[in-house]
Amino acid sequence: MIVQGLCPSRFSAVQDVLAQSLDQGDDLGAGVSVAIDGELLVDLRGGYRDRQKTAPFDDTLVCIYSVGKAVTAALVMKAVAAGHLEYDAPLATLWPEFGETGKSGITLAEALSHQAGLAAFTEEIDTALWLDHHAIAHRLAAMAPLWPPGTQNGYHPQTIGFIINEIMRRATGKMLGTHLRDMETDIHCGLTDENLARVGPMVKPPAPPDLGEITQLKKAAFLSKWSSAGGAPREAWIRAEIPSSNMHGTSGSLAQLMQLFVSDHHQVTKAIQNEALKERIQGDDLVLPFHLSWAAGLMKNTNHILGPSPTALGHYGFGGACVLVDPAHRLSFAYVPNKMSPALVADPRALLLLQVVYDAL
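First things first, this report covers the structure right here in the doc.

## Some remarks on the side chain of threonine 159
Right, on to step 1. Within the secondary structure, threonine 159 sits in helix H5 (residues 159–172).
Right, on to step 2. Given a relative accessible area of 1%, threonine 159 falls into the buried group.
Right, on to step 3. Of the polar contacts made by the side chain of threonine 159, one reaches the backbone oxygen of leucine 118; its length is 2.6 Å.
Right, on to step 4. For threonine 159, the residues in contact, after removing those within four places along its chain, are Leu118, Ala119, Phe121, Trp130 and Leu140.

## Topic: the sheet that holds strand S6 (residues 248–249)
Right, on to step 1. The strand order S4-S6-S5 describes an open sheet built from three strands, whose pairing is antiparallel. Each end of this open sheet is capped by a strand with a single partner; those strands are strand S4 (62–63) and strand S5 (187–188).
Right, on to step 2. The pairing of S4 with S6 spans two bridges and is classified as antiparallel. Bridge pairing links valine 62 to glycine 249 in S6.

## Quick word on the pattern of salt bridges
Right, on to step 1. Using the criterion set out here, one finds 19 salt bridges in the structure.
Right, on to step 2. In this structure, arginine 349 and aspartate 27 form a salt bridge, with 3.1 Å as the shortest nitrogen-oxygen distance. A residue pair is termed long-range when its members are at least 10 positions apart, and arginine 349 in helix H12 (residues 348–360) and aspartate 27 in the loop between helix H1 (12–24) and strand S2 (29–36) qualify at 322 residues. Just as arginine 349 is buried, aspartate 27 falls in that class too.
Right, on to step 3. Taking the shortest distance from any N to any O, the salt bridge between arginine 280 and aspartate 88 comes out at 3.1 Å. Note that arginine 280 is positioned in the loop between helix H11 (270–277) and strand S7 (281–284) and aspartate 88 in the loop between helix H2 (67–81) and helix H3 (108–112), a separation of 192 residues in sequence.
Right, on to step 4. The structure contains a network of salt bridges with shared partners spanning Arg49, Asp58, Asp59, Asp186 and Arg198.

## Some words on H11
Right, on to step 1. Every buried residue of H11 is accounted for by Ile272, Gln273, Ala276 and Leu277. End-on view of H11: buried residues confined to an arc of 130 degrees, all on one side of the axis.
Right, on to step 2. Of the surrounding elements, those touching the buried residues of H11 are H2, strand S9 (299–300), strand S10 (313–316) and strand S11 (322–326).

## A closer look at the nonpolar core
Right, on to step 1. Formed by 82 residues in total, the largest nonpolar core has its most connected members in Tyr87, Leu108 and Phe261.
Right, on to step 2. At ten residues, H2 tops the list of elements feeding residues into this core.
Right, on to step 3. Apart from the residues lying within four places of it in its own chain, the contact partners of phenylalanine 261 are Ala70, Ala73, Ala74, Met77, Gln273, Ala276, Leu277, Leu298 and Val325.
Right, on to step 4. Core analysis: the next-biggest nonpolar cluster, separate from the first, contains 46 residues, Phe11, Val32, Leu41 and Ile305 among them.

## Some points on helix H6 (residues 176–183)
One turn of the α-helix equals 3.6 residues, which is why residues spaced by three or four share an orientation.
Right, on to step 1. Buried within H6 we find Leu176, Gly177, His179 and Leu180. Projected down its long axis, H6 shows its buried positions confined to an angular sector of 160 degrees, all on one face.
Right, on to step 2. On its buried face, H6 is in contact with H2, H5 and S5.
Right, on to step 3. Backbone geometry just downstream of H6 places glutamate 184 in the positive-phi region, at approximately 55 degrees.

## Notes on the environment of leucine 91
Right, on to step 1. Structurally, leucine 91 is set in the loop between H2 and H3.
Right, on to step 2. Judged by relative accessible area, leucine 91 falls into the buried class, the value being 2%.
Right, on to step 3. Residues in contact with leucine 91, not counting those within four places in the same chain, are Phe98, Ile106, Thr107, Leu108, Ala111, Ile163 and Ile167.

## Let's talk about the layout of surface pockets
Right, on to step 1. As a volume, the largest pocket reaches approximately 960 Å³.
Right, on to step 2. In terms of lining residues, the largest pocket is bounded by 38 residues, among which Tyr65, Gln158, Ser228, Ser245 and Phe318 are the most central.
Right, on to step 3. Broken down by secondary-structure element, the contributors of at least two residues to the lining of the largest pocket are helix H8 (216–223), helix H9 (234–239) and S10.
Right, on to step 4. Residue classes in the lining of the largest pocket are distributed as 24 nonpolar, eleven polar and three charged.

## Side note on the packing of aromatic side chains
To describe a pair of aromatic rings, one takes the distance between the centres and the angle between the planes.
Right, on to step 1. Considering all chains together, one arrives at five aromatic pairs under this definition.
Right, on to step 2. Residues phenylalanine 121 and tryptophan 130 carry aromatic rings whose centres are separated by 5.7 Å and whose planes lie at 45 degrees to one another, so their mutual orientation is tilted.
Right, on to step 3. Judged by its relative accessible area of 8%, phenylalanine 121 falls in the buried class.
Right, on to step 4. Connected via pairs of aromatic rings, a cluster forms that spans Phe121, Trp130 and Phe162.
Right, on to step 5. Geometry around phenylalanine 98 places lysine 103 over its ring, the cationic atom sitting 5.1 Å from the centre.

Cut-offs used in this document
- Residues numbered from 1 in each chain as written.
- Predicted model: local features only at pLDDT ≥ 70, side-chain atom pairs only at ≥ 80, totals over all residues.
- Heavy atoms only, no water.
- Helix = DSSP H or I, 4+ residues; strand = E, 2+ residues; numbered from the N terminus.
- Buried < 20%, exposed > 50% of the residue type's maximum accessible area, 1.4 Å probe, protein only.
- Polar contact = N/O pair within 3.5 Å; in protein donor to acceptor, adjacent residues only side chain to side chain.
- Contact = heavy atoms within 4.5 Å.
- Pairing = 2+ DSSP bridges.
- Salt bridge = Lys/Arg side-chain N within 4 Å of Asp/Glu carboxyl O.
- Arc of directions from axis to C-beta.
- Core = buried A, V, L, I, M, F, W, Y, C linked by side-chain atoms within 4.5 Å.
- 1 Å grid on protein atoms, 1.4 Å probe; cavity = no way out; pocket = protein on both sides within 12 Å on 5 of 7 lines; lining within 4 Å.
- Points joined across faces, edges and corners; volume = space filled by probe spheres on them.
- Nonpolar A, V, L, I, M, F, W, Y, C, P; charged D, E, K, R; others polar.
- Phe/Tyr/Trp six-rings, centres within 6.5 Å; stacked < 30°, edge-to-face > 60°.
- Lys NZ or Arg CZ within 6 Å of the ring centre and 35° of its normal.

Spelled out as structure tokens, the structure:
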């Protein structure tokens, strides 16, 4: 399989691994990119955009699912650096209605690290509401936490994106999709007409992900018929702003954006980077079947779920998409496949690519 793009000789094994994955059918089409010290060093893509193998992957926009949470964390960090937000300030300072029903003390960092207790709606909602930011934000403001905020981590599959989008709107006057457009990055939250044709279909995984023991909270978060915008027309869903699950992008743009966390940057100081990346909570997650350590929006590398470096942090998306940052190496990495796997974290394809990236350092 032909893999094309930017790849210096010391990273040739990355190109080989991607080509092998495509040849073996583990990938249909995919992109992988690596940036170090602000420079995009590897930017590769190969395979096909569609299952029929009629169109090359080339400039395909891939749905990155929960990797959008890492993009959200990067935009929040920029807003903190600009003085619009503070990690340890309660959200209710900017969003008074959110402070109702026992949520007045929830801070921005606690929300980003999945401690807010708002992981899911336990009572049925109209799934069309997921396409309406303001309707979901209103419901979250009125909702009582499902556990005492700040005491445990419980992954918020959909709701965290709406919480952060609303606080960004109130703090900066702009929602996340507008911030991305203003940055002129090839990452999109709410696609416009000009980019719809670049979106490739996703090949669904052969089996559902393993959620471990199914609890009532997991049912509400993942398995209830109202847990996402399932059943919505594809074009309506793709145009909506659902930051936690419907962002689209390229691996190169993701690797470049993630450099905000680890490289010298005039917009973000080292002190702010440290605030973003420090551990906020660690424990057995109430929603995901893992013991996790959370920074402000990124997972720390517990159990080597993000490759060989203990200083790495990152995020996976449903189906295998992955971004990573490593401050010790000033490195960022992104992998975006259009053939999905059942892995919630530690997708074997991403881990193999990460291993050869680190071998090349």
